[in-house]
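Remarks on the overall topology
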Amino acid sequence: MNLGSCLQLLGRLEEAEREFAGAVEVAPDLHPAQLNLGMVRRRLGRHEESLAPLRAALALAPGDAQAWDHLYASLMVLKRPQEALETFFAWEPHAPSSPEVALAGLTLSRLAGDREREAKYLDLCVRWPFPPAHSGFARLPLSVVQYFDIAPEALLALYERYAEVMSSGAFESYSGQLKRTRGARIRVGYLSPDFRDHVMGRLMRHVFENHDAKRFEVYAFSLAPERFEDASTQWFRDHAVRLSNVAALTDAQAARLIADHDLDILVDLAAHTQGSRPEILAYKPARVVITHLGYHGCLGMRQVDYKLADRVVDEAGNERFQVEKLLFMDACIFPFDHVTPEPVAGLTREAAGLAGRVVFGEFVNPLKLSPRLVDAWARILARVPEGVLAFSPFVDSDKAVIAGMLAKAGIGADRVAFLPPGEGDAQRRDRYRLIDVVLDTFPYAGGDTTLAALDSAVPVVSLTGRRHSERTGESILVHAGLPQLVTRTVEDYVELAVRLATDPAFRARTAGEVRGAYEARRAEGHAGYVRALESAYERALAEKGVRLDASAAGTVDEFQKAFRAALVDHQADRKDAALLAYERLLLEQPDYPPLNFFLAMLLRERDLVQRARTLLQRAVRVSPSYADAQVALETSSWRPAARRRRRRPSRR
């Protein structure tokens, strides 16, 4: 059992799993063995196999929030939400008050359509006092609260609490440890789990293709395990200066690797979404850190300088409800993309049972179905007898969840249809042939789904609000030249939807307006979007005082290559060559902690202890978490070798 724990800490998960499995075989009633076996199987991605030991751990210790949290997470990854619901509601009466319970309760009460529970757990999540030790968990409420009706003031309080956790001293700043290396181009890196066949991957391909290569060097840092890499990943590898996969590294190691690329700007594309790792950003691995697109809100971290926005999705006054500063683009934050539909065999209104119906398209995550939203839909359907809501979930288990949520709002199964999602973006576009109107969700408005509808000439009815997440639909529609589809009250939302459904001429005229407006925006291409993005980047650098001409003699690749060569000489006992190389590099990069450390170790071997100590002190001053330098400083053998060998006079 203890050996398994040590192996788990070392990241040797397969070996740890064997040790825990052996312990369970010998002592099946040993709670820590069952719990750790389930946890390590989850970390190995073997979620189905994690269920039995986690259930056993929960049976042995019914109040164990950690066992429940891992069991719940595995069931959700396995797309078994109904089973997660049943398990949670059976466990809930025995559950201690904990952040795990609050978050699971919030998510599952929404999926269950239980409004009373939802209000209870939302309040608990917003008020939970996360201590510094919970930095990994403290961000999780931020990953879901955007789906809920929460005032900007309350959301700000949650952001500020998270900012305190992430500023607790556990993270140091890697920015500034390298003096800017030579290079006239702006070095910008993108951090994402989606450099693959994914909507974000498709969007970023356009960005990489259109970046001005004369002014920008573009890097990619992938958060997705290598097993998820595909042909799109290889495309990014071919089109970036460098693509580095940091999935297997610790947060500190990943941040160090990014920092060693000497970036001017790091752009985070995931924030608090699945696969994100905001702890990497807490180390400030670039001179300027920006968050963009992946999440409809800010990160809530003081180490992040800017949240990219446009002047519709975020009004200037919204900045008072955020931790990061708003960085405005002179364009919509979403690029206007086009995907040519690929027909799906057999996908017709008749086959889907939609002949003679007015079809409202809702190709969304079930978490977006807020009580206020489904109540508005119920009002619309009451006035449109032939109306039907069409969903297209990626997993069959979501069908029962969606149907149950709508039933509790009085929307029967006869008013709900499910369409096949298709394979890939092209087939998914084909679903819109069957759709008359898209009803945008609120309070978490659409992004890619809204763009897909407009690209298919389908009118979108959007209700705007105060928060960024409530205004993405308005931003897309206004920038597309379709402000007439934006509403400001639930009553107006209902009225516009009903008119589009019941007035075929008005619907046809509006669809024509959508087609013309979107085609005009598409004709502008992606280059204009990327120019607006680059202009915002340059403005951010100017505001932060980053100068491209205040640089060291060599490029970052030249410096890192020379440093690695010096390390090789040092390890091969070619110490004179290593010493000369270290000293030469120190003139160029006097504050780089690893350089100071290794030069100090070499000087210490040569009894130049005072200078060695000074270099170690500098390494620790610049990088307080540099454990090797700290340990070396704290050792007692800092006298010259000759003095260390001298014996004390005898007392006899």
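Residues numbered from 1 in each chain as written. Predicted model: local features only at pLDDT ≥ 70, side-chain atom pairs only at ≥ 80, totals over all residues. Heavy atoms only, no water.

Focus on the overall build of the protein
Note the following rule: Under the DSSP-based scheme used, a helix requires at least four consecutive residues in state H or I and a strand at least two consecutive residues in state E, with every element numbered from the N terminus. In this description the radius of gyration comes from C-alpha coordinates, and the expected globular size is given by 2.2 Å times residues to the power 0.38. Under the scheme applied here, a residue whose accessible area is under 20% of the maximum for its type counts as buried, over 50% as exposed, and between as partly exposed, the area being computed with a 1.4 Å probe on protein chains only. Any two residues having at least one pair of non-hydrogen atoms within 4.5 Å are treated as being in contact. Positive charge is attributed to Lys and Arg, negative charge to Asp and Glu, and no charge count is given to His or to the chain ends. All charge positions are set by atom: Lys at NZ, Arg at CZ, Asp at CG, Glu at CD.
In terms of helices and strands, the protein carries 29 helices and 13 strands. Computed over the C-alpha atoms, the radius of gyration of the protein is 28 Å, within 12% of the 26 Å expected from 2.2 N^0.38 for a compact globule of 652 residues. Projected onto its principal axes, the C-alpha coordinates of the protein cover approximately 110 × 65 × 45 Å. Within the span of the protein, comprising 652 residues, buried residues form 56% of the whole. Within the protein, residue pairs in contact and separated by at least 24 positions form 69% of the contacts whose partners lie at least 6 positions apart. Considering the protein, the positive charge centre built from 85 side chains and the negative charge centre built from 86 side chains are found 7 Å apart.

Overview of the packing of aromatic side chains
Here is the rule we go by: In summary, the pairing rule links any two rings of Phe, Tyr or Trp, Trp by its six-membered ring, whose centres are within 6.5 Å, and it sorts them by plane angle into stacked for under 30 degrees, edge-to-face for over 60 and tilted for everything else. Cation placement over rings: the criterion is NZ of Lys or CZ of Arg within 6 Å of the ring centroid and within 35° of the ring normal.
Scanning the model with the defined rule gives 27 aromatic pairs in all. Ring-pair connections join several aromatic residues into one group, and the members of that group are Phe559, Phe563, Tyr582, Tyr592, Phe597, Phe598 and Tyr626. Note that arginine 110 overlies the ring of phenylalanine 148, its terminal NZ or CZ placed 4.1 Å from the centroid. A cation over an aromatic ring shows up here: arginine 521 above the ring of phenylalanine 336, its NZ or CZ 4.6 Å from the ring centre.

Concerning the packing of helix H5 (residues 65-77) against helix H6 (residues 81-91)
Going by this rule: What counts as an axis is a line fitted to C-alpha atoms, over the stretch in contact for a helix, and the angles between N-to-C directions run from 0 to 180 degrees. Angles are sorted into four bins: roughly parallel if under 35 degrees, roughly antiparallel if over 145, roughly perpendicular if 65 to 115, and oblique for all others. Two helices crossing with the near one rotated counterclockwise from the far one by less than a right angle form a left-handed crossing, whereas a clockwise rotation gives a right-handed crossing. Residues are sorted three ways: Asp, Glu, Lys and Arg are charged, Ala, Val, Leu, Ile, Met, Phe, Trp, Tyr, Cys and Pro are nonpolar, and all the rest, Gly among them, are polar.
As a packed pair, H5 and H6 sit with axes 8 Å apart at the nearest point and diverge in direction by 160 degrees. In terms of axis orientation, H5 runs roughly antiparallel to H6. Between H5 and H6 lies a crossing whose hand is left-handed. When H5 is examined against H6, the residues Ala65, Trp68, Leu71, Tyr72, Leu75 and Met76 are found in contact with a partner set consisting of Pro81, Glu83, Ala84, Thr87, Phe88 and Trp91. Class assignment of the residues belonging to the contact of H5 with H6 gives a composition of ten nonpolar, one polar and one charged.

Observations regarding the environment of phenylalanine 195
Mapped onto the elements of the fold, phenylalanine 195 is located in the loop between strand S1 (186-192) and helix H12 (199-210). Relative accessible area serves as the criterion here: at 2%, phenylalanine 195 is assigned to the buried category. Sequence separation of phenylalanine 195 and leucine 158 is 37 residues, and the distance between their C-alpha atoms is 30 Å. Phenylalanine 195 has contacts with Tyr190, Phe208, Ala220, Phe221, Ser222, Ser232, Thr233, Phe236 and Leu243, leaving out every residue within four places of it along the chain.

Observations regarding unusual backbone geometry
Residue proline 443 is reached from phenylalanine 442 by a cis peptide bond, and omega for that bond is 10 degrees. Among the secondary structure elements, proline 443 is positioned in the loop between strand S11 (437-439) and helix H19 (448-455). Positive phi, close to 60 degrees, is recorded for lysine 79, a residue that is not glycine. Looking at where lysine 79 falls in the secondary structure, it is placed in the loop between H5 and H6. Look at lysine 79 and you get partly exposed, because its relative accessible area is 45%. Of note in this structure, alanine 271 is not a glycine but carries a positive phi near 55 degrees. Among the structural elements, alanine 271 can be located in the loop between strand S4 (265-268) and helix H15 (278-281).

Quick notes on the environment of glutamine 177
Going by this rule: Counting of polar contacts relies on pairs of N or O atoms within 3.5 Å, with two restrictions inside protein: one atom must be capable of donating a hydrogen and the other of accepting it, and residues adjacent in sequence are counted only when both atoms are side-chain atoms.
By the element assignment, glutamine 177 lies in the loop between helix H11 (152-166) and S1. When its relative accessible area of 2% is taken as the criterion, glutamine 177 is described as buried. When the C-alpha positions of glutamine 177 and aspartate 262 are compared, they lie 9.2 Å apart, and in sequence the two are 85 residues distant. A distance of 3.2 Å separates a polar side-chain atom of glutamine 177 from the backbone oxygen of serine 173. Polar contacts involving the side chain of glutamine 177 include one to the main-chain carbonyl oxygen of valine 622, which spans 3.3 Å.

Re helix H25 (residues 575-588)
Here is the rule: One less than the residue count of a helix, multiplied by 1.5 Å, gives the span that helix is expected to have.
Taking 1.5 Å per residue, 14 residues should reach 20 Å; H25 reaches 20 Å between its end C-alpha atoms and fits that length. Of the residues making up H25, those classed as buried are Ala578, Leu579, Ala581, Tyr582, Leu585, Leu586 and Glu588. Against the buried residues of H25 lie helix H24 (556-571), helix H26 (593-605) and helix H27 (609-622).

Describing the state of the cysteines
The condition is simple: Our working definition of a disulfide is a cysteine sulfur pair at a distance within 2.5 Å.
Counted by the stated rule, this structure contains zero disulfides. Free of any disulfide, cysteine 125 has its nearest cysteine sulfur in cysteine 298, 17 Å distant. Assessed through its relative accessible area of 1%, cysteine 125 is described here as buried.

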